[in-house]
Amino acid sequence: MWTGRRGEAAGELTPEQIEQWHRRISPPENELPAGVALTVLLGRTDDAAVGITQVEAFSTGFRFTLAVRVRQARSRLPGGGLFTLISSHAHPGVEIPLEDRLLLGIEYPDGRRASTLHDLRMAGPAAGDDSTPLMLVQQGGGGSEQSVDQAYWVAPLPPAGPMTVVLAWPGFGMPESRTVLDGGAIHAAAAHSHVLWPPQSVTAPAPLPTPPRPSSGWFAQPPD
């Protein structure tokens, strides 16, 4: 159930809104994406590196893989190890200090923004135009204590212009940084995706818990 945007009353979703919601939070299952020739290093130290690989453009958004590498496995990591520090989902019984978590954010040239601290329950269904809130949704991933590949879904597609990727991982020596990419290249690639058949009916997704936010910096401000 959608809890509503700030200032709006909560309510049950209609079947049409459920369809819209599902198509916003995940890639179209009836579509083959177009590959985007884009690999970028977001941040690195002598002992860790974070980058973006495997960018795929769909008609409704794009998916990418966040590649995380560390030189040596660290002891005394919380339950779940390195993957837990990257995951945007809360883990029952596991408390992770914000400075240890890898924080990732996207900002479009029109000011829309989303991050791994984004509360999906506040976004709600939307029409898919330039006023649609930006969404960054964690998908499948995994790895080891030294290497994790985590997929993310971003919707809607970026407009033409600079798209900013924000990274912060102080626990591994990476303060908040910004990397500017060409959003227009991703948008243009989406025209080459292949729709295979009409979309199928879906059901409402389960609600996710709200993660904590830092007190300052880019990640302290929730999306509009």
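Residues numbered from 1 in each chain as written. Predicted model: local features only at pLDDT ≥ 70, side-chain atom pairs only at ≥ 80, totals over all residues. Heavy atoms only, no water.

(A) Structural context of the pairing of strand β11 (residues 174-182). Two elements, strand β10 (residues 162-169) and β11, share seven bridges in a ladder whose sense is antiparallel. Residue pairing for β11: Trp-169 is matched across the bridge by Met-174. (Pairing = 2+ DSSP bridges. Helix = DSSP H or I, 4+ residues; strand = E, 2+ residues; numbered from the N terminus.)

(B) Quick look at the sheet that holds strand β6 (residues 103-107). One open sheet holds the four strands; their spatial order is β7-β6-β10-β11, and the pairing between them is antiparallel. If you trace the sheet from one side to the other, it starts and ends with β7 (113-115) and β11, each paired once. Geometrically, the sheet is characterised by an average inter-axis angle of 15 degrees between neighbouring strands, direction not taken into account. (Axes fitted to C-alpha atoms, helices over the stretch in contact; angles between N-to-C directions.)

(C) Broad picture of the packing of aromatic side chains. In the structure shown here, the tally under the stated rule is five aromatic pairs. Measuring from ring centre to ring centre gives 5.5 Å for Phe-58 and Trp-153, while their planes differ by 80 degrees; the resulting arrangement is edge-to-face. Taken together, the positions of Phe-58 in the loop between β4 (48-57) and β5 (62-70) and Trp-153 in strand β9 (residues 147-155) put the pair 95 residues apart, joining distant regions of the chain. The pair formed by Phe-58 and Trp-153 is uniform in burial state, with each residue classed as buried. For the pair Trp-169 and Phe-172, a centre-to-centre distance of 4.1 Å together with 20 degrees between the ring planes defines the contact as stacked. Here the aromatic cluster, defined as three or more aromatic residues joined through ring pairs, consists of Phe-62, Phe-64 and Tyr-152. In this structure, Arg-113 packs its charged tip against the face of Trp-218, placed 4.1 Å from the ring centre. (Phe/Tyr/Trp six-rings, centres within 6.5 Å; stacked < 30°, edge-to-face > 60°. Buried < 20%, exposed > 50% of the residue type's maximum accessible area, 1.4 Å probe, protein only. Lys NZ or Arg CZ within 6 Å of the ring centre and 35° of its normal.)

(D) Looking closely at the side chain of Thr-179. On the secondary structure map, Thr-179 appears in strand β11. Beyond its immediate sequence surroundings of up to four residues, Thr-179 is in contact with Val-40, Leu-42, Met-163, Thr-164 and Val-165. (Contact = heavy atoms within 4.5 Å.)

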